[in-house]
Amino acid sequence: FAFQFPRLRISWGLHLRLRLLDQNLVKTAMAVKGSVAAGHFIALFCIIAVLPSATAIKIYTRNKVYGVRGEDVRLSCYFWSWEWLSDDVTLSWSFRPEGSRETISIFHYNNGVPYIPNEREFKDRVEWVGNMGWRDGSIKIKNLDFTDNGTFICEAKNPPDIVGSPSSVQLVVYEKGPVQAGVVTGAIVGAVLGLALLIVVLIYLIKCLMGRRRVPVKDISIVEKGKSGKAASGRQGQVVYASLDQSSKKFHSEKKSKGVEGSKKEKK
Amino acid sequence: MLILLALICVLHVATIVMLFISTIDSSWYIMGTNSTDIWKKCIYVNNSYSCVDVTDYENQDYLRAVQALMILAVIFSCFSIFSFLVQLFTAEPRRRFFITGGIHMLCCLCVMCAASIYTAQFPQPKSQWTAGTYGYSYILAWICFCLSFINSIIYCVLRKKGDD
């Protein structure tokens, strides 16, 4: 159906045509509605049909996290489950040191209670900062040291949704925070451009201020050369007079014989 | 008059293009098939290039300065062509293109500083790169310096055509 605008059809058969067009539009609208409803049904059907294979729990963590020795780092872990969050939802964090093949469990959450085992390596350093309601299972490791270099694995289970692979985040501990590659360069470029902008703005301001003081002289030159500075000279009529008296010599020395000037002078 | 204007525009655009190439392409210093740049080092290994960030030079500060200056040169040259077009169509007649010339002169200075710093500091005396030659990006940078200098002088001397 091609859409036709009723406005364009101006003729004596307008009434009839409008009615036809209306019917066309109504038919089109109904067809569109029908197709949209059908689309909804199809989408819903697809979701329901596909649902069993998509009910795996999905866990999201960052790939690499940088920490500074002696400071804290937050390891974030978010999960998504198609099922409602039940009371039996569990979340656990384990740690695999760099170069080792064994993992130790450092955090477990079950039944609304976080369990921190206080192993000798992570004694009093793990803190639960997540919120199960927001599907956020983040922990914070305090007072980092170089022995914390390694992989942290986050795993979550939400019965009956228990299929899902854990996600790991690698922690790298630096002596001093590394400056990202582009930061210094970007800072220099930004500073220079900012300085240039500042200078431009200053020059513009100074020009404005100087311009305001010198406006009477400008008006004379505009009037003398016959350009249309009507508005300006109209506003500053009295000032033009005063300046004309003072600088009458300059006016006479110009000697540009244009009738417009003479008439303007007489008007004022 | 029109020919002169066209020539200046073409020269300016050529300068901008060369600056872009010089900044982006990894060819400031070449040794065989390996090349190093102000952004990364590329080594030809097993029929493919493997590039790493240039982060383990001893004097990183100079490298950051060269990077920043080249970027500033590109930015200033783009600004100057915009301001040239703006001034061409909106400035009063018989005015000189001082703003354009000034910005282009800044660009020229930036390129000169960048290329000079690179010449003075790189390659490192004790690094593995001392046996090579300067690549075409480096040469382009110096050419851009000359062209932009000439261009900015022309802008400062050129006058917009007057009504009478």
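Residues numbered from 1 in each chain as written. Chains lettered and ligands numbered in written order. Predicted model: local features only at pLDDT ≥ 70, side-chain atom pairs only at ≥ 80, totals over all residues. Heavy atoms only, no water.

Enquirer: Tell me about the overall build of chain A, and please be specific about residues and values.
Expert: Scanning chain A from terminus to terminus reveals seven helices and 11 strands. A burial count over chain A gives 24% of its 268 residues as buried. Considering only intrachain contacts with a sequence separation of at least 6, the fraction spanning at least 24 residues in chain A is 56%. (Helix = DSSP H or I, 4+ residues; strand = E, 2+ residues; numbered from the N terminus. Buried < 20%, exposed > 50% of the residue type's maximum accessible area, 1.4 Å probe, protein only. Contact = heavy atoms within 4.5 Å.)

Enquirer: Tell me about the overall build of chain B, and please be specific about residues and values.
Expert: On a plain count of helices and strands, chain B comes out with four helices and five strands. When the helices and strands of chain B are placed in sequence order, the string is α-β-β-β-β-α-α-β-α. Expressed as a percentage of the 164 residues in chain B, the buried residues total 45%. Working note: accessible area of chain B is about 8,600 Å², and carbon and sulfur atoms make up 68% of it. (Areas by Shrake-Rupley, 256 points an atom, 1.4 Å probe, with all protein chains shown as cover.)

Enquirer: Summarise the state of the cysteines; cite the residues concerned and give the values.
Expert: Residues and elements named next belong to chain A. This model, assessed by the stated rule, comprises one disulfide over all chains. Disulfide pairing places Cys77 opposite Cys154 at an S-S distance of 1.9 Å. Torsion about the S-S bond of the Cys77 and Cys154 cystine: about -70°, corresponding to left-handed handedness. Note that Cys77 is positioned in strand β4 (residues 77-80) and Cys154 in strand β10 (residues 150-157), a separation of 77 residues in sequence. Exposure remark for Cys77: the relative accessible area of 0% places this residue in the buried category. Cys154 sits in the buried class, given a relative accessible area of 0%. (Disulfide = S-S within 2.5 Å.)

Enquirer: Can you break down the interface of chain A and chain B residue by residue, with the values?
Expert: Taken together, the contact between chain A and chain B spans seven residues of the former and nine residues of the latter. Both sides of the chain A and chain B interface together cover about 740 Å² of buried area, and 83% of this is carbon and sulfur. Applying the counting rule to chain A against chain B returns one residue pair in polar contact (both at pLDDT 80 or more). Taken together, the residues of the side of chain A that touches chain B sort by class into six nonpolar, one polar and no charged. (Buried area = accessible area lost by both parts, 1.4 Å probe. Polar contact = N/O pair within 3.5 Å; in protein donor to acceptor, adjacent residues only side chain to side chain. Nonpolar A, V, L, I, M, F, W, Y, C, P; charged D, E, K, R; others polar.)

Enquirer: Explain the nonpolar core to me, and be specific about the residues and the numbers.
Expert: Residue and element names in this part refer to chain B. Counting residues in each nonpolar core, the largest one holds 29 residues, and the members touching the most others are Leu19, Trp28, Met70 and Tyr118. For this core, the secondary structure elements donating two or more residues are α1 (2-24), α2 (60-90), α3 (98-121) and α4 (136-157). Top element by residues in this core is α2. It accounts for nine residues. (Core = buried A, V, L, I, M, F, W, Y, C linked by side-chain atoms within 4.5 Å.)

Enquirer: Account for the pairing of strand β11 (residues 167-174) of chain A, naming residues and giving values.
Expert: Residue and element names in this part refer to chain A. For strand β2 (residues 64-68) and β11, the ladder comprises five bridges, and the chain directions are parallel. Its bridge partner being in β11, Val65 is matched across the sheet by Leu171. Bridging between β10 and β11 involves five bridges; their strand directions are antiparallel. Following the sheet pairing, Thr151 is matched in β11 by Gln170. (Pairing = 2+ DSSP bridges.)

Enquirer: How would you sum up a nonpolar patch on the surface? Please name residues and give values.
Expert: Residue and element names in this part refer to chain A. A surface patch of nonpolar side chains, amounting to about 770 Å² of accessible area, comprises Leu195, Leu197, Leu198, Ile199, Val201, Leu202, Ile203 and Leu205. Its place among the elements puts Ile199 in helix α2 (residues 181-213). By relative accessible area, Ile199 is classed as partly exposed at 45%. (Patch = residues over 30% accessible without salt bridge, like charges linked within 9 Å, V, L, I, M, F, W, Y side chains within 5 Å. Salt bridge = Lys/Arg side-chain N within 4 Å of Asp/Glu carboxyl O.)

Enquirer: Outline the sheet that holds strand β9 (residues 139-141) of chain A, supporting the account with residue identities and numerical values.
Expert: Sheet strands line up and pair through hydrogen bonds in the backbone, either parallel or antiparallel. Residues and elements named next belong to chain A. In spatial order, the strands read β3-β9-β8; together these three strands make up an open sheet with antiparallel pairing. One side of each edge strand has no neighbouring strand; the edge strands of this open sheet are β3 (73-75) and β8 (126-128). Shown here is a sheet whose adjacent strand axes are inclined to one another by a mean of 30°, direction ignored. (Axes fitted to C-alpha atoms, helices over the stretch in contact; angles between N-to-C directions.)

Enquirer: Outline the packing of aromatic side chains, listing residues and values.
Expert: Residues and elements named next belong to chain B. Inspection of every chain in the model, using the stated rule, returns 16 aromatic pairs over all chains. Pairing Tyr134 with Tyr138 gives two aromatic rings, centres 4.1 Å apart and planes at 20°, and the pair type is stacked. With a relative accessible area of 32%, Tyr134 lands in the partly exposed category. Measuring from centroid to centroid gives 5.8 Å for Trp142 and Phe145, while their planes differ by 80°, and the two rings are edge-to-face. (Phe/Tyr/Trp six-rings, centres within 6.5 Å; stacked < 30°, edge-to-face > 60°.)

Enquirer: Let's hear about the pattern of salt bridges: which residues, and what values?
Expert: All names here are of chain A. The full count for this structure, using the stated rule, is four salt bridges over all chains. With a shortest N-O distance of 3.1 Å, Arg74 and Asp136 are connected by a salt bridge. Here Asp136 lies in the loop between β8 and β9 and Arg74 lies in strand β3, a separation of 62 residues in the sequence. The residue Asp148 makes a salt bridge to Arg125 at a minimum N-O spacing of 2.8 Å. Remark: Arg125 occurs in the loop between β7 (113-115) and β8 and Asp148 occurs in the loop between β9 and β10; sequence separation between them is 23 residues.

Enquirer: Just give me the short version of the confidence of the model for chain A, but keep the residues and values in it.
Expert: Taken over all residues, the pLDDT of chain A has a mean of 73, while the share at 70 or more is 65%. Low pLDDT, under 50, characterises residues 226-268 of chain A; the predicted model gives this stretch 28 contacts beyond four residues in sequence or across chains. (pLDDT = per-residue confidence, 0-100.)

Enquirer: Account for the packing of α2 of chain B against α3 of chain B, with residues named and values stated.
Expert: Residues and elements named next belong to chain B. Contact pair α2 / α3: the axes reach a minimum separation of 8 Å and the direction vectors enclose 160°. The orientation of α2 with respect to α3, classified from their angle, is roughly antiparallel. For α2 against α3, the interelement crossing comes out left-handed. (Parallel < 35°, antiparallel > 145°, perpendicular 65-115°, else oblique. Left-handed = near helix turned anticlockwise from the far one by under 90°.)

Enquirer: I'd love a proper account of the environment of Ile154 of chain B, names of residues and values included.
Expert: All names here are of chain B. Along the chain, Ile154 falls in helix α4. Relative accessible area serves as the criterion here: at 28%, Ile154 is assigned to the partly exposed category. Sequence separation of Ile154 and Arg96 is 58 residues, and the distance between their C-alpha atoms is 10.0 Å.

Enquirer: Describe the pairing of β4 of chain A, with residues and values.
Expert: All names here are of chain A. Burial along β4 is one-sided: the face carrying Cys77 and Phe79 is buried and the face carrying Tyr78 and Trp80 is not. Here four bridges tie strand β1 (residues 58-61) to β4, and the two strands are oriented antiparallel to one another. Counterpart to Ile59 in the pairing with β4 is Phe79.

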